[in-house]
Each structure stands twice: as C-alpha cells, then as structure tokens.
Amino acid sequence: GAGAGAGAGAGAGDDTSRLHVDEDEKASLLQDQCGRVCLTLLHKNHNNTLLSQCEASCRFSPLDRVEGDREQRGEARHARRTPSGKVGLTTLGGGGRKLLSWVEVESKALKSSAAAMKNALQPGVLLCAVIKGNAYGHDLVGAALELEEAGVDYLAVDSLEEALLLRSSNVSVPIMLLYWSSPWLAPLMASKAIEPSFWDLGWLAAAAIALDARKQEEGQQRAGDLSLHLSVDSGLGREGCLMEEAMELVNGIHSLVLAGVNMRLKGISTHFCCPKDGKLTRNQFSTMAALHREVSRRYGKQGIRPLLHTSSGGPAIMLPETQADMVRIGGLLFGILPNIPDITRALMQARAVPTRSLRWVTTVVQVKSLPPGWCLGYGCKKRSDREGFRVALLPLGSHDGFLEREHGFDAVIILGEKCPVIAVDANLVTVDISHISAISPGEEAIILGCDEANRSVCVLPTLSTRIPTHLPRFYV
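These figures come from a predicted structure and were not determined experimentally. (Residues numbered from 1 in each chain as written. Predicted model: local features only at pLDDT ≥ 70, side-chain atom pairs only at ≥ 80, totals over all residues. Heavy atoms only, no water.)

*Asks:* Hey, could you go over the state of the cysteines for me, with residue numbers and the actual values?
*Replies:* For the structure on display, the rule yields 4 disulfides. Covalently, Cys38 is tied to Cys54 through a disulfide, its sulfur atoms 2.0 Å apart. The chirality of the disulfide connecting Cys38 with Cys54 is left-handed, given an S-S dihedral of about -85 degrees. You can see Cys38 sitting in helix H2 (residues 23-42) and its partner Cys54 sitting in helix H3 (residues 48-58), a full 16 residues away along the chain. Residues Cys38 and Cys54 agree in their burial class; the two are buried. Two residues, Cys450 and Cys458, share a disulfide whose sulfurs are 2.0 Å apart. Disulfide Cys450-Cys458: torsion about the S-S bond near 100 degrees, hence right-handed. (Disulfide = S-S within 2.5 Å. Helix = DSSP H or I, 4+ residues; strand = E, 2+ residues; numbered from the N terminus. Buried < 20%, exposed > 50% of the residue type's maximum accessible area, 1.4 Å probe, protein only.)

*Asks:* If you had to explain helix H11 (residues 278-299) to someone new, which residues and values would you point to?
*Replies:* A rise of 1.5 Å per residue sets the reference length of H11, with its 22 residues, at 32 Å; its end C-alpha atoms lie 31 Å apart and thus fit the reference within 8%. Within H11, burial applies to Gly278, Thr281, Gln284, Phe285, Met288, Ala289, Leu291, His292, Val295 and Tyr299. Taken down its axis, H11 places every buried residue within 160 degrees of arc, on the same side. Residues of H11 that are exposed and point more than 90 degrees away from the buried face comprise Lys279, Arg293 and Arg297. Residues of H11 that are buried in the fold lie against helix H10 (243-258), strand E11 (263-269) and strand E12 (307-309). (Expected span 1.5 Å × (residues − 1). Arc of directions from axis to C-beta. Contact = heavy atoms within 4.5 Å.)

*Asks:* Pulling in residues and values, what's your account of the sheet that holds strand E5 (residues 126-130)?
*Replies:* Strand order in this open sheet of 5 strands is E8-E7-E6-E5-E13, and the pairing throughout is parallel. The two strands at the open ends of the sheet, each matched to only one other strand, are strand E8 (194-195) and strand E13 (326-329). Bridge count between E5 and E13: 4 bridges; the pairing is parallel. Paired with Ala129 across the strands is Ile329, a residue of E13. Packed onto the sheet, helix H7 (residues 160-168) meets strand E6 (154-157), strand E7 (175-177) and E8 and runs at close to 165 degrees relative to E7. (Pairing = 2+ DSSP bridges. Axes fitted to C-alpha atoms, helices over the stretch in contact; angles between N-to-C directions.)

*Asks:* Can you lay out the sheet that holds E11 for me, pointing to particular residues and giving the numbers?
*Replies:* Ordered in space as E9-E10-E11-E12, the 4 strands form an open sheet in which the pairing is parallel. The strands lining the two open edges of the sheet, one partner per strand, are strand E9 (197-198) and E12. In this structure, strand E10 (residues 226-231) lies alongside E11, joined through 6 bridges in parallel fashion. Pairing of Leu230 across the sheet is with Ile268, part of E11. Running at roughly 175 degrees to E10, helix H9 (residues 201-217) makes contact with E9, E10 and E11 of the sheet.

*Asks:* Can you lay out the confidence of the model for the protein chain for me, pointing to particular residues and giving the numbers?
*Replies:* With 84% of its residues at a pLDDT of at least 70, the protein chain reaches an overall mean of 85. Scored below 50 in pLDDT, residues 1-21 shows 42 contacts in the model against residues more than four places distant or in partner chains. Of the regions scoring below 50 in pLDDT, residues 62-98 engages in 74 contacts with residues more than four places distant in sequence or in other chains. (pLDDT = per-residue confidence, 0-100.)

*Asks:* Quick rundown of the packing of aromatic side chains? Include the residues and the values.
*Replies:* Scanning the entire structure with this criterion turns up 4 aromatic pairs. Judged by centre distance (5.6 Å) and plane angle (40 degrees), the ring pair of Tyr136 and Phe334 falls under tilted. Here Phe334 lies in the loop between E13 and helix H13 (341-349) and Tyr136 lies in helix H5 (residues 132-136), a separation of 198 residues in the sequence. Of the two residues, Tyr136 and Phe334, both sit in the buried class. (Phe/Tyr/Trp six-rings, centres within 6.5 Å; stacked < 30°, edge-to-face > 60°.)

*Asks:* Let's hear about the environment of Pro187: which residues, and what values?
*Replies:* On the secondary structure map, Pro187 appears in helix H8 (residues 186-191). Here Pro187 falls in the buried class, since its relative accessible area comes to 7%. In sequence terms Pro187 and Ala210 are 23 residues apart; their C-alpha atoms lie 6.6 Å from each other. Residues within four places of Pro187 in sequence aside, it is in contact with Ala210, Leu211 and Arg214.

*Asks:* Go over the pattern of salt bridges with me, naming the residues and quoting the values.
*Replies:* Taken as a whole and assessed by the stated rule, the structure comprises 15 salt bridges. The salt bridge involving Asp153 is made with Lys118; its shortest N-O contact spans 2.5 Å. Placement of Asp153 in the loop between helix H6 (140-150) and E6 and of Lys118 in helix H4 (residues 107-120) is noted, with a sequence separation of 35 residues between them. Owing to a relative accessible area of 30%, Lys118 belongs among the partly exposed residues under this scheme. (Salt bridge = Lys/Arg side-chain N within 4 Å of Asp/Glu carboxyl O.)

*Asks:* Quick one: what's the story with the pairing of strand E19 (residues 411-414), residue by residue and with numbers?
*Replies:* Residues Ala411 and Ile413 point to one face of E19 and Val412 and Ile414 to the other, with burial holding for every one of them. In the sheet, E19 pairs with strand E20 (residues 417-424) via 4 bridges, with the strands oriented antiparallel. Directly across from Ala411, in E20, lies its bridge partner Pro420. Adjacent in sequence and paired antiparallel, E19 and E20 are bridged by 2 residues, among which Leu415 carries a positive phi angle near 55 degrees. Both E19 and strand E22 (residues 444-450) contribute to a ladder of 2 bridges, which runs antiparallel. By the bridge assignment, Ile414 is partnered in E22 with Ala445.

*Asks:* Account for the environment of Phe198, with residues named and values stated.
*Replies:* Assignment of secondary structure puts Phe198 in strand E9. For the pair Phe198 and Leu178, spaced 20 residues apart in sequence, the C-alpha to C-alpha distance is 8.9 Å. Apart from residues no more than four positions distant in its own chain, Phe198 is found in contact with Trp203, Leu204, Leu228, His229, Leu230, Ser231, Leu249, Ile253 and Leu265.

*Asks:* Report on the packing of H9 against H10, specifying residues and quantitative values.
*Replies:* Interhelical geometry of H9 versus H10 gives an angle of 15 degrees and a closest axis separation of 10 Å. As the angle between them shows, H9 and H10 are arranged roughly parallel. Crossing handedness for the pair H9 and H10: right-handed. Along the contact surface, H9 presents Leu201, Leu204 and Ala208, while H10 presents Glu248, Leu249, Ile253 and Leu256. Residues that form the contact of H9 with H10 fall into these classes: 6 nonpolar, no polar and 1 charged. (Parallel < 35°, antiparallel > 145°, perpendicular 65-115°, else oblique. Left-handed = near helix turned anticlockwise from the far one by under 90°. Nonpolar A, V, L, I, M, F, W, Y, C, P; charged D, E, K, R; others polar.)

The following block contains the structure:
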C-alpha cells in the first residue's frame, strides 16, 4: 500500500503522520521519511552515495512541505476591444482611470500562427504552446485562452504560480511546468492536473511523501495521479538529469507506483543546445530516442508509454525527424523569429512563417512648434535646427521600459510614419514630428510592432518579453 511505499512511517492513529509536531521533531521525522522513500526509489540498485544524495535533496526546503501548500490564486484579466475602437484616452473600469500606454495583441494573428505551426508538424504530433515569461510579453492568461481556442494540445509555463493562475482562469488543456517546482506541493499539482518536470531522486521521494500524507488525511481516498515529465540534459548544461541517471529515475517512479504512490511518467524531455548545428541536434535526438525505446521496452507492457518531446519550433521545422510525439513552440507562435537564416528558410518552405501579433502603443499628449536653437532634453545635447521644428510628447519613459536611442529606441510610428526619438526621460519621451503636419494630441504612437495599415512599417527596438508587466494587455 501507499503507507509502505511512501514511508509515512506512522500508524493510522499516530499524530506524527500529520506532522503537527515541534520543529525539531518535524526535521527528524522528515529525515526518517526521506530515508525510507529513497530506499524504495533505489530498490536493490542503490549505493551509499546515491542514497545520501537522494536524502539530502528530499529534505530540501522543508518549510514548503505538505502543510504549507496554500493555493495562491491570481486574478485573471482578459480584456477585449473592437478593432475600430481606440483604447487611448478611454476610461478603464469604473474608477475613471485613463489609459495612455498599453499593449494590444491581434487574436487573429496569434491563432493563424498556431494553425501554421500545427500544419507544419507531422500527423499525430502534439503542439505544446510555451507561454513562459508572461507569454513572451503577450499576457499569460490572454494568450492561453486564445491558444486553447486555436486547438493547441498542451501549454507549458515556467512556474507553479503561472499554472495555478491559468487553472483559476478556466484554462482546461494540459499544463506542464518546464522548470523546478516544490515537490511538497505535489498534491496540489495533482489536484489541478498540473504536470511538473523533475530530474532528481530526492524530488521524487519528497513528492511521494507529500502525496502519501495527503492520501492518509483524506481517508485513503484515491486522488488523481501526479503526471511527471522526466527532464534530461542531453547537452545544454541546464535543467535535467544526465543520460546515465535517466533510467534510475524511471525505475524509481516504477518502484513508487508499485508501492501505491499516485504518480505516473507522462513525458520524457530535453532541450537542444544548438539549433543551427544539424549534426549535433540529430545526435542529441538519437540519444533521447534510444532512452525512450528502452523505457518502452522495459515498461510498455505495463502501460508506461511516455510522450517524447525534445524539439522546439526551429529544429522541428528544419529537422522533422526530431518532432517525436510533441513539439514545444514558444516565440514562433508570437511571430518572434530567431536570427537563424536556416530556420527562416525552413519556415518559408513549410509555409509556416508566423505573423507578429503584438503592438506596444502609447498616446501623443502634446504637440508644439519650437523656435530655432531651442534645447531638446537635459544637457541640451540637441537643439531645434530650423523654423517649423515640431515635437510630440509621449507619456512614458525609462521607468516604463522605453530606453534611450543607444538601446534601440530610435523611432516610433505615428500615422504610418517613423518619428525619430529626440530625448528620453524617466516618464516622458520627446519625438520629432516636423515631417508630419496632421498630428494632434490623442494620436496613437507605436513603440514596438507594425503599422496596422502598412505592415511593412515596423519598429522593433526590444524584445516583447521586456515590456513592463504593469502595462495592460488587450486582445483585439
């Protein structure tokens, strides 16, 4: 049963199984539990070094364990407006607050990119939309809802907090965590159908203890299984176990499942290090495919057939054989192309070139003409040099992520024309509009993105991930 496997180490009437003891006793109990579960994990193949490593990792962050798994819910915001309605200088909500700067995402473009990526995959291959980093600046919840409507098969985020926010926003597709999460929150993840990644025996042991404790508290009622993705470092030097450790972890899950722990191996993953290097990428994939075959050979008859997902968008398009069971695509979904010509050519050949869907917009709040020789900005580094020199003032600055010209912020788009940036302060930006006569306060100025009427006129001064999160996002 689970008590024997997860090593709760106490009878049904023993209050210590619920961990309501003082801190010294709690630490001692945790050490005993970790030792027993690590022995179960390692089965007959353990040695003292592996056992010590497992126990140490299992005891990591004990304050985050079972009794501390309070769910942290965020408040979902998914706003829309009609394409013809201007957001600038309009009222948001009932408080009368004015919007002067915002980010808008074109729903049709995002869904079109998702469809193009899906069509570029081989039949039966799942599409996992990676929406880490606030969906690359496109708003986590908004992007998730749009991509769910577009028919993606999976979502991937970088933290449990993001996954919980999506679940509280009624996102129902499978969600996997790409990076580390607390194993002591395994019961919460299982209850919300959130699938963590792992690469460590101690993590498995701690998760097993947490799952078993929750089962005992709920009167042995079987909860949902915790679906896990084994992350393997096949050459990136980042998250994941080494290849020689992978089967030990697979065997460990199998031992825990036999002992009654509610978990299962859902996927096996890696990250390619060098998409431009086809030979190296093929070698990494070949190694992962061999691991997947070995897992299927040993445990396939017992129903263990994990998804193999190794590739991101670029490698998957250039090297279709690396698509495996599922492909994780992030930036490409949002029209963010890597600076790799081979990937661009492959996307064009596959008719899967994505469309940039985001525009970072602000509002012109003042327009005026300045006499010749007038100082422009602190230090008077530049002066107006002619009659009829006209400037527009924008209500944001370096505090809002709009940096100086040397950092790439050299122009904005107003009425389809690029307007050179003259000065950037903490909260204000001055631009030259001498070449446009029709600008008046209230006009929109595009900071990042393309003009709606002429998509060939674009400004791309920074990555969308660097747009401050305090600016509201709207899906249009």
